[in-house]
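Breakdown of the fold
Given next are the chains, with one letter for each unit.
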Amino acid sequence: MINPMTVPERRGLSRPAAMGWIILVFLAAALACPFWGPTSVNWTAAFSGTGSDAQVFLDIRVPRVAMALLTGASLSVAGVAFQALLGNPLADPFTLGVAGGSSLGAVAALLLLPSLSAQFTGTVPLAAFLGGLASVALVYGLARAARGPETGAPLSPAALLLAGITVNYFFNALILLAFYAVDFSRSTSLMRWILGGLDVADRSALAPAFWPSAAAFLALWLLSPALNLLSGGEEIARSKGVNLRATILWTFLAASVLTSSVTAFTGPIGFIGLMVPHAARKFLGHDHRWLLPGSALLGGAFLALADTAARTWFAPAELPVAALTALLGGPFFLFLLFRQFQNKVS
Amino acid sequence: MSLSFEPGDFTAFLGPNGAGKSTLLKLFAGLLSPTAGRILLEGKDLSEVSPKERARFLAYVPQGLHYAFPLTARDCVAQGRYAHLDWFGRLSRTDRTLCDQALELCDAASLADRWLEELSGGERQRVLLASALAQDPRVLLLDEPTLSLDPGHQDQFFRVVRHLHRKRGLTVLMATHELNLAATYADRVVLLSEGKIQADDEPDSVLTAGRIHRTFGVRLRRVRMGKGRFQLIPAAFPGDKP
């Protein structure tokens, strides 16, 4: 009857103490990661502020680590939001097809509106946002249709995930098609829109990725009490006084902004939004007032460390960080999926 | 159909499966919107009442629930306070006391720190009832609340409900297909079938052998229990000649 797997104990730490540790891990990752890299840097020269050592450190490493922190945080928070919304810990920007939709949107803007994209920094993120929103609407709509007219039941995870993964695959195919159709010589740079990485992130990407993410995070954080209730299903949330329509709409918008504002620069990086919230729940419990900031910090630290590993292990070559997160996240996804099936049976 | 309820009523909606009992209750709880007609709450159209205002007036106890993530009984009850809290959902000392009292009333105080999913069906229904009470409602809507409970737990559940109804003057609307539950606890029975009201009066005059046979297709007879209450038992053993 009682399946011990379904009852993860919160660790002995109190929530503030757990949050303190998470903040420490974040700070440690943020401070340490810029000091690793494929080229050796003369630190005395770097901190004097001039010369090539300073350039490598300040113009390449620091912005890249900052982008990794931001991307990890945004994707993790988006994962938490999608999981609350769909009542399923398997939901994340990648498995729901949002990352694929955002990438397609970004590619469409780059290829179809090259001059506008170069002129206004907001063009590519906006197109990514529209692509992400379109795919999430499609996947959500399909899953709701699969559920039928019943109101109390949760959305079918099978319908959600099949739709999400199919949409992702389909969008990948469109991205490939677009590149081959427009300009074959540029197809080397298309890898980023299939398997994301942080190698192209520079200082100019930071602000347009940061502000929308920050606003979306704040919106979600303020929705925390409603998200807590939504995890119990739509029926219970509504009966306790949650304005369901508004909550669902804002959560979808915010999670799509979070996903697309970073994916517009990095391409799809999968499974962060799956692994990080799972870990954060173990330490902080289920309350979104703690879970959202905790996941943001933990996700940022995780991606910064993963990216540091990805760019140093095979130096001078670089592994796209999305390959690394997929290597870790794929088996993890299967583990969660297996557990869900197991719970169904018992 | 047209129905109205007075404060302090204990009404049971009875009817065969698919008669529309649960649908009616979900309409009252605001979980479904009427496609035609209106529901008035103290003269105000329910669709114009804000979700939080509605939750402070009407509390709904579902048949069961599925939580995607682990939740303790205490947190589940605290969720009942949602409609009373500030924008960031902070629980005051008063809120916590109210939750503890609700758990106490529902005989669930000892379950507070356990996970919902490790509770038995009866324990979980008591926690859900406590969560509904934490809403501090005036109307309690019970949707087949004891469907999966054994007789002991069922009895315990309704003892709590009756206590709340009598001592706190809560209005109770309950959907069920168990005739004896209605006969035991309700002051008024609305008999539904095929989406229509077949009868609406006190249990004694609604639950006649003839009407039960017409509605449910089963022959039952009454056994008087005292205090004007009665129970229904089969008129004959299955297989006996009528």
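Keep in mind that what you see is a predicted model, and the values were worked out from it rather than measured.

**Quick word on the overall build of chain A**
Looking only at helices and strands, chain A features 15 helices and zero strands. Relative to its length of 346 residues, chain A is compact, with a C-alpha radius of gyration of 20 Å against a globular reference of 20 Å. Its C-alpha atoms give chain A principal-axis dimensions of roughly 65 × 50 × 35 Å. In chain A, buried positions account for 51% of the 346 residues. For chain A, restricting intrachain contacts to residue pairs at least 6 apart in sequence, the fraction spanning at least 24 positions comes to 77%.

**Brief notes about helix H4 (residues 93-105) of chain B**
Residues and elements named next belong to chain B. The terminal C-alpha atoms of H4 lie 18 Å apart, and with 13 residues this matches the ideal 18 Å at 1.5 Å per residue to within 8%. All of the buried residues along H4 are Leu98, Cys99, Ala102 and Leu103. Looking straight down H4, one finds that the buried residues subtend no more than 135 degrees of arc, so they occupy a single side. In H4, those exposed residues whose orientation departs by more than 90 degrees from the buried face are Arg93, Thr94 and Thr97.

**Quick notes on the confidence of the model for chain A**
In the predicted model, chain A carries a mean pLDDT of 84, and 91% of its residues have values of at least 70. Long-range and interchain partners of residues 1-11 of chain A, a stretch whose pLDDT sits below 50, account for 18 contacts in this model, where long-range means more than four residues apart.

**Here we look at the pairing of strand E10 (residues 229-234) of chain B**
Residues and elements named next belong to chain B. Bridge count for strand E9 (residues 220-226) against E10 is six bridges, and the pairing is antiparallel. Bridge pairing in E10 links Leu220 to Pro234. Between the antiparallel neighbours E9 and E10 lie two residues, among them Lys227 with a positive phi of about 55 degrees.

**Overview of the interface of chain A and chain B**
Taken together, the contacts link 29 residues of chain A with 29 residues of chain B. Breaking the side of chain A that touches chain B down by element, the ones donating at least two residues are helix H10 (224-230) and helix H11 (234-239) of chain A. Each residue belonging to the side of chain A that touches chain B can be placed in one class, and the counts come to ten nonpolar, 14 polar and five charged.

**Quick look at the sheet that holds strand E4 (residues 58-61) of chain B**
Residue and element names in this part refer to chain B. An order of E4-E5-E6-E1-E7-E8 is seen for the six strands of this open sheet, with the pairing classed as mixed. Strands with a single pairing partner mark the edges of an open sheet, and in this sheet they are E4 and strand E8 (196-201). Put simply, the sheet's adjacent strands are angled 15 degrees from each other on average, direction ignored.

**Side note on the pairing of E8 of chain B**
All names here are of chain B. Relative to E8, strand E7 (residues 188-193) runs antiparallel, the two being bridged by five bridges. If you follow Ser193 over to E8, its bridge partner there is Lys196. Between E7 and the antiparallel strand that follows it, E8, lie two residues; Glu194 among them carries a positive phi value of about 50 degrees.

**Let's talk about the packing of helix H1 (residues 15-32) of chain A against helix H14 (residues 288-312) of chain A**
All names here are of chain A. Between H1 and H14, whose axes approach to 9 Å, the crossing angle comes to 30 degrees. Relative to H14, H1 is oriented roughly parallel. Both H1 and H14 take part in a crossing whose hand is left-handed. Along the contact surface, H1 presents Arg15, Met19, Ile22, Ile23, Val25, Phe26, Ala29 and Ala30, while H14 presents Trp290, Gly294, Leu297, Leu298, Gly300, Ala301, Ala304 and Leu305.

**Structural notes on the nonpolar core**
Residue and element names in this part refer to chain A. Ranked by internal contacts, the top residues of the largest apolar core, which has 99 residues, are Val77, Ala81 and Ala106. When residues in this core are grouped by element, the largest group, 16 residues, is from helix H3 (residues 51-86). The contacts of Val77, once residues within four sequence positions are left out, are Phe217, Leu220, Leu258, Leu292, Ser295 and Ala296.

**Re helix H5 (residues 121-134) of chain B**
Residue and element names in this part refer to chain B. Compared with an ideal rise of 1.5 Å per residue, which puts 14 residues at 20 Å, H5 spans 20 Å between its outermost C-alpha atoms and is within 8% of the ideal. Within H5, twelve of the 14 residues are buried, which leaves the element mostly enclosed by the surrounding structure. Every buried residue belonging to H5 is among Glu123, Arg124, Gln125, Arg126, Val127, Leu128, Leu129, Ala130, Ser131, Ala132, Leu133 and Ala134, and all of these are buried. Tucked into the core, H5 has its buried residues touching E4, helix H3 (73-78), H4, strand E5 (139-143) and helix H6 (151-168). Downstream of H5 by one or two residues, Asp136 has phi in the positive range, about 55 degrees.

Basis of the calculations
Position numbers for residues count from 1 along each chain, tracking the sequence in the order it is written. In the order they appear in the text, chains get letters beginning with A and ligands get numbers beginning with 1. Per-residue local features of the predicted model are confined to residues with pLDDT of at least 70, and side-chain atom pairs are confined, for both listing and counting, to 80 or more; whole-chain, interface and lining totals are unaffected and use all residues. In this text, helices come from DSSP runs of H or I with a minimum length of four residues, and strands from runs of E with a minimum of two, each type numbered from the N-terminal end. We take the radius of gyration over the C-alpha atoms and set the globule estimate at 2.2 Å times the residue count to the 0.38 power. Exposure in this text rests on C-beta crowding, where 20 or more other C-beta atoms within 10 Å of a residue's own make it buried, 12 or fewer make it exposed, and counts in between make it partly exposed. The C-beta atoms are placed from the backbone. Two residues form a contact once the distance between their C-beta atoms, set from the backbone, is within 7 Å. To estimate how far a helix should extend, the number of its residues minus one is multiplied by 1.5 Å. Think of the arc as the fan of directions from the helix axis to the C-beta atoms. pLDDT expresses how confident the predictor is about each individual residue, on a scale running from 0 to 100. Pairs of strands are assigned from DSSP output, requiring at least two bridges between the strands. Each residue is assigned to one of three groups, with Ala, Val, Leu, Ile, Met, Phe, Trp, Tyr, Cys and Pro labelled nonpolar, Asp, Glu, Lys and Arg labelled charged, and all others, Gly among them, labelled polar. Axis geometry follows a simple rule: fit a line to the C-alpha atoms, using only the stretch in contact for helices, then measure angles between N-to-C directions, giving values from 0 to 180 degrees. Any angle from 65 to 115 degrees is called roughly perpendicular, while one under 35 is roughly parallel, one over 145 is roughly antiparallel, and all others are oblique. Take the far helix as the reference: if the near one is turned anticlockwise from it by less than a right angle, the crossing is left-handed, and if turned clockwise, right-handed. Put simply, a nonpolar core is a cluster of buried Ala, Val, Leu, Ile, Met, Phe, Trp, Tyr and Cys residues tied together by C-beta atoms within 7 Å.

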